[in-house]
Amino acid sequence: MLNDTTKKALDEIAQVVDDKINTRIDAMEMEAKKSAFSNKSQTNVQDFIRKGLSQNKGNAQKFEIKAELFTSEATGSIVAPDYVNGIKSSPFESDLRTFLPQSTTESNTVIVNSAVLTNNAAAVAEGATKPTSTNALTATSFTVGKFAHSFTVSTEFLNDVNGASQYITNQITGGLIEVLNDNIITQILANDTAFSAGNFANAIESANEFDVLMVAINQLRLGNYNPSIILVNPDDYVKMSLLKDANNSYLRGTTGSSLGASIEGVSIVQSSAITSGDYHVIDAGRFGAWYNRESLRVEIGESGTDFIENQKTVLCESRGVLAVMDSAAAVTGDFTTDKASLETS
């Protein structure tokens, strides 16, 4: 027979074992429920919809799919952007060579022979000695210049970017044309004739830019030239367009061809290559011609380490020169100085 103390001890042991067994069973049941819930929550959305539609078949009530069922983990723009073809960039100066006669040469030097006539022609009596006129000949040499620049681009850029080749051609060509323009203006300034007020010196009240250009045109015509272009900076063109009389009316309405694009039939060419405040009035057919030794061209190739660095070298170059034939066919001046020379004392 077990005494009371022993029975109590055995009962306590049995209770501890039962508690542990119950705790373990509870844990196993919880894990089973979690697993079932997890599997159920991972049911494919398409299966869920298919099951719902099947169960709703023949039911007059609408089958509603809640927006909360659908979530997205996508990043970035879902709608693809629409790319504009080509690469946009700032424009360059217009090519001033297009306003001059063009010619070609196969030499490195262009020589221009010019003559100055001393005209002694006169009416003479029969049998009298005839006067003699003379020509002074001068040979002037103009050396053909080389103009070029280059830059490198990656082969990936050429292959992957839409419009890359056209963009590169425009950029490298435009840059070289601006240098050619500078050279042309330099040649004009070195081989021109200065403005002369002539009979209009201190004779024009409130002289303005129109007056200066009209006198310069007249200066050429007095020398039997036929002025064909006026080169000005865009700032000066706009300034002339905005000139007003004492009644606040625009002068452009009554001067020349309303300053549409000419003054007295002489075309106005605007170019930022011209220094603001300066102007050039030219008989382009007699002043000179641009001689091309090598026309402007663009080439793409490999140089140095281009091959191993996946690069290409883009080269743009041209050879040519402005050969001046008659310096008296171009009149250059400064608006501020020349207005003062025309202004009444």
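To be clear, the structure that these remarks concern was listed above.
A brief report on the enclosed structure follows.

So, on to the layout of surface pockets. The space that makes up the second largest pocket amounts to roughly 200 Å³. In terms of residues, the lining of the second largest pocket owes the most to one element, strand β2 (residues 109-118), which gives four residues. By residue class, the composition of the lining of the second largest pocket is six nonpolar, four polar and one charged.

This brings us to empty space enclosed by the protein. Under the defined criterion, the tally for this structure stands at one cavity of 30 Å³ or more. Computed from the structure, the largest cavity encloses a volume of approximately 50 Å³. Taken together, Leu-96, Phe-99, Leu-100, Ile-184, Ile-188, Ile-229, Leu-231 and Ile-282 make up the lining of the largest cavity. Looking at the lining of the largest cavity, the elements that each hand over two or more residues are α4 (164-190) and β6 (229-232). Taken together, the residues of the lining of the largest cavity sort by class into eight nonpolar, no polar and no charged.

This part is about the sheet that holds strand β11 (residues 311-324). Overall, mixed pairing links the four strands, which are arranged β1-β10-β11-β4 in an open sheet. Taken across any chain shown, the strands that pair with only one partner, and hence form the sheet edges, are β1 (102-104) and β4 (145-154). Mean inter-strand twist for the sheet, computed between neighbouring axes without regard to direction, equals 30°. Here β4 pairs with β11 via ten bridges, running antiparallel. Looking at the pairing, Phe-147 lines up with Ser-318 of β11.

Quick look at the sheet that holds strand β8 (residues 266-270) now. Strand pairing in a sheet is mediated by backbone hydrogen bonds. Such pairs are either parallel or antiparallel. Overall, mixed pairing links the six strands, which are arranged β5-β12-β9-β6-β8-β7 in an open sheet. For this open sheet the edge positions go to β5 (193-194) and β7 (262-263), each flanked by a neighbour on one side alone. Direction of pairing for β6 relative to strand β9 (residues 278-282): antiparallel, over a ladder of four bridges. Residue pairing in the sheet places Val-232 in a bridge with Tyr-279 of β9. Most of the contacts of α4 go to β9, to which it runs at about 75°, and overall it touches β6, β9 and β12 (330-334).

Structurally, the position occupied by Glu-93 is in the loop between α2 (45-55) and β1. Of the buried charged residues, Glu-93 lacks a salt bridge, with Arg-97 as the closest side chain of opposite charge at 11 Å. Engagement of the side chain of Glu-93 in a polar contact is seen with the side chain of Asn-181, the distance being 3.0 Å. Discounting residues that sit within four places of it in the chain, Glu-93 has contacts with Ile-177, Glu-178, Asn-181, Ser-272 and Ala-273.

The rules behind these values
- Residues numbered from 1 in each chain as written.
- Predicted model: local features only at pLDDT ≥ 70, side-chain atom pairs only at ≥ 80, totals over all residues.
- Heavy atoms only, no water.
- 1 Å grid on protein atoms, 1.4 Å probe; cavity = no way out; pocket = protein on both sides within 12 Å on 5 of 7 lines; lining within 4 Å.
- Points joined across faces, edges and corners; volume = space filled by probe spheres on them.
- Helix = DSSP H or I, 4+ residues; strand = E, 2+ residues; numbered from the N terminus.
- Nonpolar A, V, L, I, M, F, W, Y, C, P; charged D, E, K, R; others polar.
- Pairing = 2+ DSSP bridges.
- Axes fitted to C-alpha atoms, helices over the stretch in contact; angles between N-to-C directions.
- Contact = heavy atoms within 4.5 Å.
- Buried < 20%, exposed > 50% of the residue type's maximum accessible area, 1.4 Å probe, protein only.
- Lys, Arg positive; Asp, Glu negative; His and termini not counted.
- Salt bridge = Lys/Arg side-chain N within 4 Å of Asp/Glu carboxyl O.
- Polar contact = N/O pair within 3.5 Å; in protein donor to acceptor, adjacent residues only side chain to side chain.

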